[in-house]
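The lines below spell out each chain.
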Amino acid sequence: MTIEKFIVSADQMRQIETRIFAAGMPSAALMEKVAGLLARRIQALLKSEGRSPREKEEPHAPKGRSPREQVNSSLLPPRGERRGNRDEGFGYLAEESQGKDIVNFQFPVIGVLVGPGHNGGDALVVARELHFQGFSVIIYCPFSKLKELTKSHSDYARSLNIPFFDTIEPLKKCDLFIDGLFGFGLEREIVHPISTAIDAINKLNKLVFSIDIPSGIHTDTGTVLGTAIRATHTLCLGLWKLAFLQDKALEYIGTSELIDFDIPLADIVAILGDFPAIQRITPASAIQYLPLPRSPIAHKYTNGHLLIIAGSARYSGAAILSALGARASGVGMLSIAVPISMKPMLSSQLPEALVIGCPETSSGAIKDLPLGIDLGIYDAIAAGPGLTLEAAITVESVLESDRPLVLDADGLNILAQLGTVPILSERSALTIITPHPGEFQRLFPELADKMGDRITATQQAAQLTGAVVLLKGARVCICFDDKGDSLGDSYASRTITYLNPESTPALARGGSGDVLTGLLGGLMAGAIARKSCPKSVVETAVWWHARAGMMAAKERTELGVDAFTLTEYLIPALREFY
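Since the model is a prediction, treat every value here as computed from it, not as a measurement. (Residues numbered from 1 in each chain as written. Predicted model: local features only at pLDDT ≥ 70, side-chain atom pairs only at ≥ 80, totals over all residues. Heavy atoms only, no water.)

Looking at the overall build of the chain
Move 1: Counting its secondary structure elements, the chain contains 18 helices and 21 strands.
Move 2: Buried positions account for 56% of the 578 residues belonging to the chain.
Move 3: Here the contacts in the chain between residues at least 6 apart in sequence split such that 69% fall between residues at least 24 apart.
Move 4: Element-wise, carbon and sulfur atoms account for 52% of the exposed surface of the chain, whose accessible area totals about 24,600 Å². (Helix = DSSP H or I, 4+ residues; strand = E, 2+ residues; numbered from the N terminus. Buried < 20%, exposed > 50% of the residue type's maximum accessible area, 1.4 Å probe, protein only. Contact = heavy atoms within 4.5 Å. Areas by Shrake-Rupley, 256 points an atom, 1.4 Å probe, with all protein chains shown as cover.)

Listed below in structure tokens is the structure:
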């Protein structure tokens, strides 16, 4: 299993580190290794932004000028606004005088925020290494007591004449910041004067690199503990922490990447197990459940038969979007049940589909399924998009059936009225529900106060119902109870959680969820027809849907990804893998 799959809580990370140190790894050596990786990565990121002090000489630069004397004009403010001098400890500039050429000594001035623990120690080693590379570094450390190793690095940094301050004011002219105030495991709220300093940094709107996790973010829930650093980029150390998969933390984390410092797999497995209960979805894990390549003897019946029940006069597009999502899944047969007045439109848009006209209400909603319809001929059913609450009888019918079911949108709202837990806990067939947070709270009012931790809330919903619960959001969370059948006899029954680490706000538009419902339904029908595990394709559908959105947003911007456009990127999103 790739290291990118693992996710840890603060307590699990602490246990893994304890094993590493107990095995003989000196904490000082590990800090040097980690901080060295951080310093090199930060330099690479700065170089990519044109902020490295070691630029090539400019075409007209005086010969023999040292790297510290070379000009990086992209960092300079307009003339007249250039600031500081060498004595102030900031970037410095020898101003134009008596017709002489300007000699520019302006480089990015880096403010390093240092806490009392080992996160602060990491920051101090990074500061030292950047200082040796020619960067101007200033340290903010308002703490009088530091951990022993952190204090040693602080003493050495002071011996190098790196400026230290215990107030934030002198750092306000810095060009960028490295946040090493607090690492993983913070539980208490941040208070004055640290909170005031963090707020001041945030107001500067400067580039900020956070070490491991932005200071002030709870490692497990992503909650802001009073206040928190708003990082531009977060360098997560060793293993991904739960906060990186919690929606509420994302605006503080910024972009993120994992800094792998070679934690032995044996130590990870000792704490998390061979098959961890919580995992990140990766491209490798997602594509393994795609129905590709197809068997050379495949035919339409071996690729599954999906029934979509969707649409109304008011929301006619929902049926089309769901069907287009299913079409991309490669499902062998696609049937669509819609109000009878919509049948001609669906037939013209989806000529390959079997369109079933249903009796409709006076307002154009599905009143009931046609008399004599046999739900047993379908491998799976996807119901809900665009139905309206008037389709309650139809939703009850599919809930009472023995068919695997994907339930979305108004299907969920009707389920909430019927009673979520009693209905789903009595279903023998696989049920996948795909609520957004508002629908989730209607389905599970008893869990409304748990929504501060989306992961825990989704896990509890899966435990209550026995269903696969897919909670939509910036980081989709998928949970289901596993009875051990997919894991052999190694584990007792437990709740499995998959989290999608990448998506795009371009998908925050009406109809995107309808596309996911069809895509998921089609993949599920195909998996059932092939006699593979249908739960496995849930992570595949979520990853594929998000990847198509990201690809479309890259080409069209986040404003250009309507739901129909999204369907056109589903197949292109897979091309690099096949």
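Regarding helix α4 (residues 148-159)
Note that an α-helix has 3.6 residues per turn; residues three or four places apart therefore point the same way.
Move 1: A rise of 1.5 Å per residue sets the reference length of α4, with its 12 residues, at 16 Å; its end C-alpha atoms lie 17 Å apart and thus fit the reference within 8%.
Move 2: Of the positions making up α4, those classed as buried are L149, T150, H153, S154 and A157. Along α4, the residues classed as buried sweep out an arc of 140° about the axis, all on the same side.
Move 3: The inward-facing, buried residues of α4 contact α2 (27-48), α3 (118-132), β5 (136-140) and β6 (164-165).
Move 4: Remark: N161 follows α4 within two positions and exhibits a positive phi of approximately 65°. (Expected span 1.5 Å × (residues − 1). Arc of directions from axis to C-beta.)

Thoughts on the pattern of salt bridges
Move 1: Inspection of every chain in the model, using the stated rule, returns 16 salt bridges.
Move 2: The partner of E4 in a salt bridge is R280, and the shortest N-O contact between them spans 3.0 Å. Of this pair, E4 sits in the segment before β1 (7-8) while R280 sits in strand β12 (residues 278-280), placing them 276 residues apart in sequence.
Move 3: Classification of E4 by relative accessible area gives partly exposed; the value is 29%.
Move 4: Here E251 and R230 are joined by a salt bridge, their closest N and O atoms 3.0 Å apart. (Salt bridge = Lys/Arg side-chain N within 4 Å of Asp/Glu carboxyl O.)

Side note on the sheet that holds strand β16 (residues 380-383)
Move 1: Across the sheet, 10 strands lie side by side as β12-β21-β20-β19-β18-β17-β16-β13-β14-β15; this open sheet has mixed pairing. Where the open sheet ends on each side, the last strands, each with one partner, are β12 and β15 (354-358). The average angle at which neighbouring strand axes cross in this sheet is 15°, direction not considered. (Pairing = 2+ DSSP bridges. Axes fitted to C-alpha atoms, helices over the stretch in contact; angles between N-to-C directions.)

Comments concerning the nonpolar core
Move 1: Ranked by size, the top nonpolar core spans 100 residues in total, and within it I139 and I309 carry the most contacts.
Move 2: Sorting elements by how many residues they give to this core places α2 first, with 9 residues.
Move 3: With residues near it in sequence (within four places) discarded, I309 still touches A337, I366, L369, I381, A382, A383, G384, P385, L387, T394 and V398.
Move 4: Listed in part, the 61 residues of the second largest apolar core include L290, I308, A353 and W543. (Core = buried A, V, L, I, M, F, W, Y, C linked by side-chain atoms within 4.5 Å.)

Comments concerning the packing of α2 against α3
Packed helix pairs are specified by the crossing angle of their axes together with the interaxial distance, meaning the distance between the axes.
Move 1: Between α2 and α3, the shortest axis-to-axis distance is 8 Å and the interhelical angle comes to 55°. On the basis of the axis angle, α2 is oblique to α3. For the pair α2 and α3, the crossing hand works out as right-handed. Residues M31, E32, V34, A35, L38, A39, I42 and Q43 of α2 touch α3, and the partners they reach there are H118, G121, D122, V125, V126, R128, E129 and L130.
Move 2: Per-class residue counts for the contact of α2 with α3 are 9 nonpolar, 3 polar and 4 charged. (Parallel < 35°, antiparallel > 145°, perpendicular 65-115°, else oblique. Left-handed = near helix turned anticlockwise from the far one by under 90°. Nonpolar A, V, L, I, M, F, W, Y, C, P; charged D, E, K, R; others polar.)

Examining the packing of aromatic side chains
By convention here, two paired aromatic rings are described through the distance between centres and the angle between planes.
Move 1: All chains considered together, the criterion is met by 5 aromatic pairs.
Move 2: Here F143 and F182 contribute two aromatic rings whose centre-to-centre distance is 6.0 Å and whose plane-to-plane angle is 80°, an arrangement assigned as edge-to-face. Of the two residues, F143 sits in the loop between β5 and α4 while F182 sits in the loop between β7 (176-180) and α5 (194-204), which places them 39 residues apart along the sequence.
Move 3: Given the relative accessible area of 21%, F143 is considered partly exposed. (Phe/Tyr/Trp six-rings, centres within 6.5 Å; stacked < 30°, edge-to-face > 60°.)

So, the confidence of the model for the chain
Move 1: Mean pLDDT for the chain: 90, with 89% of residues reaching 70 or above.
Move 2: Predicted confidence is poor over residues 54-105, with pLDDT under 50, and the contacts of this stretch with residues over four places away or in other chains come to 80 contacts. (pLDDT = per-residue confidence, 0-100.)

Examining unusual backbone geometry
Move 1: That bond from H192 to P193 is cis: its omega, 10°, falls within 30 degrees of zero.
Move 2: Note that the residue after L292, namely P293, is joined by a cis bond; omega there is -10°.
Move 3: With respect to the helices and strands, the residue P293 is situated in the loop between α8 (283-287) and β13 (305-309).
Move 4: With a phi angle near 55°, A409 is a residue other than glycine that sits in the positive phi range.
Move 5: By relative accessible area, which is 16% here, A409 ends up buried.
Move 6: Of note in the backbone geometry, K531 takes a positive phi value of approximately 65° without being a glycine.
Move 7: Mapped onto the fold, K531 is located in the loop between α16 (512-529) and α17 (536-556).
Move 8: A relative accessible area of 76% places K531 in the exposed class.

Observations concerning the state of the cysteines
Move 1: Applying the stated criterion across every chain, the model contains 0 disulfides.
Move 2: Left without a disulfide partner, C477 is nearest to the cysteine sulfur of C479, which lies 3.8 Å away. (Disulfide = S-S within 2.5 Å.)

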